[in-house]
Amino acid sequence: MPSQPSPQQRFEALSLQLPPAPKPIGVYKPALVVDRFVHLSGHGPLLPDGTLLRGCVGRDLDAEGGKRAARQVGLTMLATLLESLGSLDRVRRVIRVLGMVNCTSDFVKQPFVINGASELIAEIWGPDHGIGVRSAVGVASLPDGMAVEIEAVFELAG
Amino acid sequence: MPSQPSPQQRFEALSLQLPPAPKPIGVYKPALVVDRFVHLSGHGPLLPDGTLLRGCVGRDLDAEGGKRAARQVGLTMLATLLESLGSLDRVRRVIRVLGMVNCTSDFVKQPFVINGASELIAEIWGPDHGIGVRSAVGVASLPDGMAVEIEAVFELAG
Amino acid sequence: MPSQPSPQQRFEALSLQLPPAPKPIGVYKPALVVDRFVHLSGHGPLLPDGTLLRGCVGRDLDAEGGKRAARQVGLTMLATLLESLGSLDRVRRVIRVLGMVNCTSDFVKQPFVINGASELIAEIWGPDHGIGVRSAVGVASLPDGMAVEIEAVFELAG
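Predicted model only: the values in this text are computed from it and were never measured.

(A) Focus on the relation of the copies chain B and chain A. Mapping chain B onto chain A calls for a screw motion: a turn of 120 degrees about the axis and a shift of 0.0 Å along it, with 0.0 Å RMSD after fitting. Expressed as a symmetry operation, the mapping of one chain copy onto the other fits a three-fold axis. When you check the interface residues of chain B against chain A, a mere 9% turn up at the interface there too, and the two sides of the contact use different surfaces.

(B) Inspection of the interface of chain B and chain A at higher detail. Listed per partner, the contact involves 22 residues of chain B and 24 residues of chain A. Elements supplying a minimum of two residues to the side of chain B that touches chain A: β1 (31-34), β2 (37-43) and β5 (148-156) of chain B. If you tally residues by element for the side of chain B that touches chain A, the top one is β2(B), at four residues.

(C) Examining the sheet that holds strand β4 (residues 133-139) of chain C more closely. Residues and elements named next belong to chain C. Read from one edge to the other, the open sheet built from five strands follows the order β1-β2-β5-β3-β4, with strand pairing classed as mixed. The sheet terminates laterally at β1 (31-34) and β4, the two strands that pair on one side only. Adjacent strand axes in the sheet meet at a mean angle of 15 degrees when their direction is disregarded. Alignment of β1 against strand β2 (residues 37-43), held across four bridges, turns out to be antiparallel. Of the residues in β2, the one forming a bridge with V33 is V38. Packed on one face of the sheet, helix α3 (residues 110-125) meets β3 (91-102), β4 and β5 (148-156) and runs near 160 degrees to β3.

(D) Seen up close, the nonpolar core. One finds V139(A), V148(A), V139(B), V148(B), V139(C) and V148(C) to be the most contacted residues of the largest nonpolar core, which totals 159 residues. Setting aside residues no more than four positions away along its own chain, V139(B) makes contact with V137(A), G138(A), V139(A), M100(B), V101(B), N102(B), V139(C) and A140(C).

(E) Representation of the relation of the copies chain A and chain C. The two copies are related by a screw operation: chain A maps onto chain C through 120 degrees of rotation and 0.0 Å of translation along the axis, at an RMSD of 0.0 Å. The two copies present different faces, since only 9% of the interface residues in chain A are matched by interface residues at the equivalent positions in chain C.

(F) Quick peek at the interface of chain A and chain C. With 22 residues of chain A at the interface, the matching set in chain C holds 24 residues. At four residues, strand β2 (residues 37-43) of chain A tops the list of elements feeding residues into the side of chain A that touches chain C. Of the residues contributing to the side of chain A that touches chain C, the split by class is twelve nonpolar, six polar and four charged.

Parameters and conventions
- Residues numbered from 1 in each chain as written.
- Chains lettered and ligands numbered in written order.
- Predicted model: local features only at pLDDT ≥ 70, side-chain atom pairs only at ≥ 80, totals over all residues.
- Least-squares fit on C-alpha atoms with pLDDT ≥ 70 in both.
- Contact = placed C-beta atoms within 7 Å.
- Helix = DSSP H or I, 4+ residues; strand = E, 2+ residues; numbered from the N terminus.
- Pairing = 2+ DSSP bridges.
- Axes fitted to C-alpha atoms, helices over the stretch in contact; angles between N-to-C directions.
- Core = buried A, V, L, I, M, F, W, Y, C linked by C-beta atoms within 7 Å.
- Buried ≥ 20, exposed ≤ 12 C-beta atoms within 10 Å, placed from the backbone.
- Nonpolar A, V, L, I, M, F, W, Y, C, P; charged D, E, K, R; others polar.

By themselves, these figures tell us nothing about what the structure is for.
Right, dumping it as structure tokens:
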């Protein structure tokens with residue numbers, strides 16, 4: 001019986017292009033390990049060239065565009081996890097995600113948008129360990145006009 | 001000396017009508033147990049017929065209507081706890097609540113609104129274990145136009 | 001070799017004027033100790049006379065005014081920590097900060113604003129233990145029209 005691929009192996013098989021791990025744009029750390037958990041600061045959709053995906057969903061971006069931005073936030077979080085921990089195999093599972101969408105007051109598909117990040121995490125850690133609790137909300141504005149901001153907590157591997 | 005009623009006994013004495021435990025509307029789990037804690041995803045005000053209480057507080061709903069929506073979120077969270085754990089006696093106390101109110105930018109009574117959920121939790125777990133830390137904020141929009149969204153962490157009983 | 005000043009000593013050397021520790025304006029506790037952590041409810045910018053710093057950043061306050069409000073939130077959190085724990089030496093480090101700015105939809109300098117609180121925490125707990133993970137977002141409205149609301153988790157000293 002072949003063994004399951006590990007999170008790092010699944011990540012490598014996807015040949016994803018990651019942005020650089022983000023530098024803090026304020027007085028905080030991108031990631032902090034506390035006991036068996038790694039906490040991630042609010043991350044934005046950083047592109048490989050170092051710029052941010054900006055815009056208000058419902059005005060500058062449609063729902064699909066917002067979902068692509070959330071996937072880009074997921075890639076940015078992977079870049080931070082790799083820089084902090086060295087390998088995605090150091091992470092056992094996702095615990096919690098708070099997804100904030102920069103959107104108009106009549107846009108109501110925040111869960112669809114944040115799925116862009118959640119589906120990426122589920123691809124890498126699988127349908128049980130890759131799915132945690134989540135809140136998805138619409139906010140009035142985000143730093144530098146970024147389209148989506150996500151904070152998260154992951155559990156480290158034993 | 002008579003013993004105190006348990007949380008499950010207090011819940012049953014209130015004869016509350018719960019909505020069905022919500023199914024995820026995205027890639028997340030409604031509840032996740034981690035160590036001695038159960039984390040709940042952002043919950044909305046689900047009605048017994050399975051529809052959501054919608055509207056913007058300050059425009060479609062007044063403060064009292066918003067508070068009723070928050071109480072309905074509390075009932076929805078109880079439905080998730082019961083489905084996940086089998087009995088409210090499995091929960092020792094509430095730790096943390098994040099209450100997000102879909103409201104106009106001039107509405108400022110978010111604490112009054114979120115009390116709708118907090119008072120329900122305090123009725124069931126009592127004036128010490130039923131009251132935790134909390135943030136209450138106004139947001140531009142919520143999934144499917146729901147009036148209130150609340151995420152929470154509870155501690156499990158020893 | 002002289003020993004490092006402790007957080008309480010650094011705090012006292014700064015001769016800061018603290019507001020009174022805030023009373024809850026709803027059904028919650030300002031602080032809750034759980035295991036080795038102290039969780040703080042969403043705090044506002046309380047002034048020494050007991051009133052709140054109000055206003056919408058980008059309309060009533062500029063970025064510098066918002067940053068001063070966030071510093072005042074930091075002082076209010078210190079007042080709660082002192083009332084709950086007796087001394088800032090009971091706190092080892094900051095873990096997590098969620099900073100919410102009451103702002104217009106075109107205001108995008110939330111990290112600059114929330115630095116007002118983060119720099120204060122870093123002054124007291126130092127450049128490693130005084131800096132944790134953070135999210136900074138703009139929200140449509142906050143309780144009583146306060147300019148900034150911040151919730152946080154700190155780790156207690158061994």
